[in-house]
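Residue-level listing of the chains:
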Amino acid sequence: MNPLVEFCISSLANGAQETYEILEKDPNIDVLEYGCLSYCTTCDRSLYALVNGDVVEADTPEELTKKIYQYIEDNPLF
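The following paragraphs examine the structure supplied in this document. Fair warning: this is a prediction, and the values are worked out from it, not measured in the lab. (Residues numbered from 1 in each chain as written. Predicted model: local features only at pLDDT ≥ 70, side-chain atom pairs only at ≥ 80, totals over all residues. Heavy atoms only, no water.)

So, about the packing of helix α1 (residues 9-24) against helix α3 (residues 61-74). For the pair α1 and α3, the least separation of the axes is 8 Å and the interaxial angle reads 40°. As judged from the angle between their axes, α1 and α3 are oblique. As α1 packs across α3, the resulting crossing turns out to be right-handed. Between α1 and α3, the residues in contact are Gly15, Ala16, Glu18, Thr19, Ile22 and Leu23 and Pro61, Glu62, Leu64, Thr65, Ile68 and Tyr69, respectively. Per-class residue counts for the contact of α1 with α3 are 7 nonpolar, 3 polar and 2 charged. (Axes fitted to C-alpha atoms, helices over the stretch in contact; angles between N-to-C directions. Helix = DSSP H or I, 4+ residues; strand = E, 2+ residues; numbered from the N terminus. Parallel < 35°, antiparallel > 145°, perpendicular 65-115°, else oblique. Left-handed = near helix turned anticlockwise from the far one by under 90°. Contact = heavy atoms within 4.5 Å. Nonpolar A, V, L, I, M, F, W, Y, C, P; charged D, E, K, R; others polar.)

Now for a nonpolar patch on the surface. On the surface, a nonpolar cluster with roughly 440 Å² of combined accessible area is contributed by Met1, Leu77 and Phe78. Inspection of the secondary structure assignment puts Leu77 in the segment after α3. (Patch = residues over 30% accessible without salt bridge, like charges linked within 9 Å, V, L, I, M, F, W, Y side chains within 5 Å. Areas by Shrake-Rupley, 256 points an atom, 1.4 Å probe, with all protein chains shown as cover. Salt bridge = Lys/Arg side-chain N within 4 Å of Asp/Glu carboxyl O.)

Here the focus is the sheet that holds strand β1 (residues 4-8). One open sheet accounts for 4 strands, arranged β2-β1-β3-β4; its pairing is mixed. The open sheet has two edge strands, β2 (30-34) and β4 (54-58), and neither has a second partner. For this sheet the average axis-to-axis angle between neighbouring strands, irrespective of direction, equals 30°. In terms of strand pairing, strand β3 (residues 47-51) meets β4 through 5 bridges, oriented antiparallel. Bridge pairing links Ala49 to Val56 in β4. Of the strands in this sheet, β1, β3 and β4 touch α3, which is tilted by about 145° from β4. (Pairing = 2+ DSSP bridges.)

By the definition in use, this model includes 1 aromatic pair. Ring centres of Phe7 and Tyr20 lie 5.5 Å apart, and the angle between their planes is 75°; on these two criteria the pair is classed as edge-to-face. Here Phe7 is found in strand β1, whereas its partner Tyr20 is found in helix α1, with 13 residues between them in sequence. (Phe/Tyr/Trp six-rings, centres within 6.5 Å; stacked < 30°, edge-to-face > 60°.)

So, in structure tokens, the structure goes:
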């Protein structure tokens, strides 16, 4: 079972698209996008993604990518 990373389309439009494209190429991560994940306040203030159901936030796409990989490393599924 791979880690699941979910993106809101608004976060993608605000700059997280770069992170999405990097993660989508990783065969060890499942990546999905949704119209809305109902985290509007979070989406308004930063880039974010849900990683296995938990919010990971950052100010830049590069930082978001690093934080997602770090979260996955720090929180293994098994």
